[in-house]
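A look at the structure
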Amino acid sequence: MTAPSPVLALDALGRGDVALAGGKGANLGELVRAGFPVPPGFVVTTDAYARVAEELDIAGWYHAGDAAAIRAALASVVVPADLRTRITEAYDALGSGQVAVRSSATAEDLPGAAFAGQQDTYLGIAGADAVVDAVRRCWASLWTDRAIAYRKRLGIAPDEVAIAVVVQSLIDADAAGVLFTADPVTGHRGRLILDASAGLGESVVSGLVTPDHLVLDEHGSLLSWTPGRREVVIRPTADGVRHEAGTATAEPLLEPTEIAALARLGAAVQAHFGRPQDLEWALADGSVFLLQARPMTALPPPPIRLNPIQKRVASVLLDYLPVRPYPLDVTTWWRFGPAGLMLAIARGLGIHIDEARVLPEIDDVVYRFAPPMPQLTPKALTAPFRILWRAARHDPARWHDDPHYVRFEAAVNKLRAARPERMRWGTLLRVPAAVAAAITPITKLRADYLPGSALAIGRLLAILTLLGKRRLLGNLLVGARTRTTDGNDALLRLAAEIRSTPSLQAVFAHDPADIEGALASLAGADHFRAGFASFLHEYGHRETVSPVLASSPTWSEQPVVALGLLAVLATAEDPNRTSPAGDAESELLRHPLLARAASRRRVLRILERAREGIRFREDSHFEFLRLLPPLRSALLEMGRRLVASGLIAIPEDVFHLRLEELQTIADPQRMPSAQAARLRSAIRRRAARRDELASVKLLDLSQVFPAPTGGVLVQGSPASGGVATGRVRIIRDATDFGTLQSGEILVCPYTNPSWTPLFSRAAAVVVDSGGVGSHAAIVAREYGLPAVMGTGAATTVLTPGQLVTVDGNTGRVTATDAGGTRPRG
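The notes below deal with the structure included here. (Residues numbered from 1 in each chain as written. Predicted model: local features only at pLDDT ≥ 70, side-chain atom pairs only at ≥ 80, totals over all residues. Heavy atoms only, no water.)

1. Remarks on the nonpolar core
How we decide: Remark: nonpolar core denotes a set of buried residues (Ala, Val, Leu, Ile, Met, Phe, Trp, Tyr, Cys) joined through side-chain atoms within 4.5 Å. Residue burial is assigned from relative accessible area. The probe radius is 1.4 Å, only protein chains are included, and a residue is buried under 20% of its type maximum, exposed over 50%, and partly exposed in between. Segments assigned H or I by DSSP are reported as helices when at least four residues long, segments assigned E as strands when at least two residues long, and all are numbered from the N terminus. Residue contacts are counted whenever heavy atoms from the two residues lie within 4.5 Å of one another.
Formed by 52 residues in total, the largest nonpolar core has its most connected members in Phe-508, Phe-535, Leu-566 and Phe-759. For this core, the element with the highest residue contribution is helix 23 (residues 559–569), accounting for eight residues. For Phe-508, the residues in contact, after removing those within four places along its chain, are Ile-498, Ile-515, Phe-528, Leu-563, Leu-566 and Ala-567. Counting 46 residues, the second-largest nonpolar core is a separate cluster that includes Trp-333, Phe-616, Met-638 and Ala-676.

Right, here's the structure in full:
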């Protein structure tokens, strides 16, 4: 077979030629073949680069960390005579005029990797020798520090990337810019976003100007126009390009006909490639030219319309999905863990939820969270009778005596005693199924005892409604002592020991990341170390991020989380807030209709049953999570063995694989090369897609939670009563725990039970997601802490150190001046 030419015309290439022409060259060739108006040009292929690069010690310089030597060698390399001749002939065929010389890396085809600006572009190049020199400089730009860092972040090995160079006739543009065929901010697929400025488009793509900004609908009609400032205009000159000062005007740069032509072009390119596109374009002498087309990256999912039920479901579930699940999450703990348990209970009540639509994927990476819309099945007709039957037979106060709990306890102990590092590979692969089997009895417990819990709370609510005291429900229920409360109290005892021991105080004054090491070597701290170890043994299975994701480390794995909490709790005496439960109970019992002792006793029994229901809900969740450490241990041991086989770089990379893919591996050390290559490629694609989506939320919270009104900074659901004023402290994840100061307003994107020890030091809590029934809301009420849940945007609207007032009675957060007064809204 004849080897392909090292220089090919654009019309000889198509979208399948990325390995030869790079992403940019292949896409341009595809556009030429499809008849789009692309300036004529050619590609110096990756074969040409490989031929030159193989004569250099690129690998040696790279591993020595000397990227500058690579760049210098490529920029001055002697181009073989025959290759120089091919480039010269192709350049002459373009008319020997000015050209644009652009890099086109093969990795640009990786899903999610835009590679925008990672390699170099040269404009206004004229003369064969100058073109050859520009080609060499493009080759060298493959090894700039920024390009190397970008590829490392995406897990692209140095031997997995090559570079081609695109050479095209330069268009002396009257105007140029970019066109997105979907809104890159909102994800709206019915919007086109057009940026334009005078001269060459380099001023727009490099950010040198503030361009005219146009928003069009899907038909190309203008919806809005924001004039640009046109600070700089880039024009071709005889010896390259020059930057001129531009002049802003009040008139649009583009004519309506030109806008319409660009809209038609964008729609046609999107239709051809089948997905939203990021286009670079130019206008010259009334003609439109397409300079580049690539898939849009980091594009949010299109907005979805949620009905009230979906919004309510989302307000609850968003607390469980603060981060994007990995493929191994979706195929293990999400499938049969807490989320799977809830789905199983729903099915038992005749409620169908299409779980496949809840977490849709692209390239095996979760793309968005779509709040489910529960559907009733015929089985739901008999659900009320089954609920009443279960409520009558199962007392939430006695669930630990149930045989199903005994079975669950035995299964947990067996799994926790196992040593994954000693298991054979096949045995290790069976651990997820064993964890799933252990979940069956706890699922049965939840299904049996939750009806009694709900019925008890319903009875209490009915009585409170009759007595006109409905508002007391939340405060009355916080009197239930839960395992979460026990854990928080255990931390407070450890914090008290720190305060009373000067040597421990000195250790906990360190940065949280340094406390563990300092504590390990501290003389005379055996009692504290034993207490902390006991705490982790009892409560260390708590999640640091989410209870539904196996990729989230536990407290035992990251003791820095608990140590950071202790550092906060040890800074001052416990404020010893009075729980509102006692006051609420006293107010209830003072009601005239409860004057008789028998009536009070009856109401107190109902209240205690309701509290037992809350205790069951919280404690069964706590117990359930004891299965998470054995599962994580097994999955990470799989990861360690795949590291040893050379398939992945770190054990945590195993989460990029699906359980079914792991089950296809017979022996990591004897994996067929084709299987290893396939899995390695899948991991790299998914890592790139995940990296692309890093800044994209699973769901736009503004679709779920109401926007604030009337001068309010943020507004949400009033979850715990009271009013407090303080300075904002934004805690985004567990690594920030140690920064909270006593009396500050805790502002966070989500919460779970592991966050609640912070509540003893905060003046109030404000959360982006969650509702009045969330774990955080319950604990906030227990502490008598004003809380506002489901604000949707508190972590982005509020700023660190800002003085605000939180009204937990109305769900409003307002600005407060230094004198303590709130500005009028």
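Once you've had a look at it, read on.
2. Concerning empty space enclosed by the protein
Selection criterion: Cavity and pocket criteria rest on a 1 Å grid covering protein atoms alone: a 1.4 Å probe that fits but cannot get out defines a cavity, protein on both sides within 12 Å along at least 5 of 7 lines defines an open pocket, and an atom within 4 Å of a point defines a lining residue. Grid points are joined across faces, edges and corners, and a volume is the space filled by probe spheres set on the points. For this classification, the nonpolar set comprises Ala, Val, Leu, Ile, Met, Phe, Trp, Tyr, Cys and Pro, the charged set comprises Asp, Glu, Lys and Arg, and every other residue, Gly included, is treated as polar.
Applying the stated criterion across every chain, the model contains three cavities of 30 Å³ or more. If you go around the largest cavity, the residues you meet are Thr-484, Arg-542, Glu-543, Glu-618, His-621, Phe-622, Leu-625 and Pro-753. For the lining of the largest cavity, the leading source of residues is helix 25 (residues 597–624), giving three residues. A volume near 50 Å³ is recorded for the second largest cavity. Every residue along the wall of the second largest cavity is listed here: Leu-477, Val-478, Ala-480, Thr-482, Thr-484, Ile-614, Glu-618, Ile-778, Val-779 and Glu-782. Broken down by secondary-structure element, the contributors of at least two residues to the lining of the second largest cavity are helix 25 and helix 29 (775–783). With three residues, helix 29 is the largest single contributor of residues to the lining of the second largest cavity. Residue composition of the lining of the second largest cavity, by class: six nonpolar, two polar and two charged.

3. Remarks on the pattern of salt bridges
Selection criterion: Each reported salt bridge corresponds to a side-chain nitrogen of Lys or Arg within 4 Å of a carboxyl oxygen of Asp or Glu.
Counted according to the given criterion, the structure contains 43 salt bridges. One salt bridge connects Asp-133 with Arg-136, and the closest N-O pair in it is separated by 3.3 Å. You can see Asp-133 and its partner Arg-136 sitting in helix 6 (residues 128–141), three residues apart, about one turn around the helix. In this structure Arg-136 comes out as buried when scored by relative accessible area, which is 15%. In this structure, the salt-bridge partner of Glu-637 is Arg-641, at a minimum N-O distance of 2.9 Å. Of this pair, Glu-637 and Arg-641 both sit in helix 26 (residues 628–644), four residues apart, which is roughly one turn of that helix. Note on Arg-641: relative accessible area 17%, which makes it buried. One network of salt bridges, in which partners are shared, links Glu-361, Asp-364, Arg-658, Glu-660, Glu-661 and Arg-686.

4. Looking at the packing of aromatic side chains
Operational definition: Aromatic rings from Phe, Tyr and Trp, taking only the six-membered ring of Trp, are treated as a pair when their centres fall within 6.5 Å; an angle between ring planes under 30 degrees marks them as stacked, one over 60 as edge-to-face, and anything in between as tilted.
Evaluated as defined, the whole model comprises 14 aromatic pairs. A ring pair is formed by Trp-333 and Phe-336, whose centres lie 6.4 Å apart and whose planes are at 90°; its orientation type is edge-to-face. Placement of both Trp-333 and Phe-336 in helix 12 (residues 333–336) is noted, with a separation of three residues, approximately one turn of the helix. The exposure class assigned to Trp-333 is buried, which follows from its relative accessible area of 0%.

5. Points about the sheet that holds strand 1 (residues 7–9)
Here is the rule: Whether two strands pair depends on DSSP finding at least two bridges between them. Simply put, an axis is a line fit to the C-alpha atoms, just over the touching stretch for a helix, and the angle between two N-to-C directions goes from 0 to 180 degrees.
In space, the five strands of this open sheet follow the order 1-2-5-3-4, with antiparallel pairing throughout. Strands with a single pairing partner mark the edges of an open sheet, and in this sheet they are strand 1 and strand 4 (121–125). Pairs of neighbouring strands in the sheet enclose a mean axial angle of 20°, with direction left out of account. Sheet topology places strand 3 (residues 99–105) next to strand 4; three bridges connect them, and they run antiparallel. The residue bridging Arg-102 from the neighbouring strand is Thr-121, located in strand 4. Across the sheet, helix 1 (residues 18–33) touches strand 1, strand 2 (41–44), strand 3 and strand 5 (163–169), and the angle it forms with strand 3 is around 125°.

6. Overview of the environment of Phe-528
Of note, Phe-528 is situated in helix 22 (residues 526–539). In this structure, the C-alpha to C-alpha distance between Phe-528 and Ala-495, residues 33 residues apart in sequence, is 9.9 Å. Once you skip the residues sitting within four places of it in the chain, Phe-528 turns out to touch Leu-494, Glu-497, Ile-498, Leu-504, Phe-508, Leu-519 and Leu-566.

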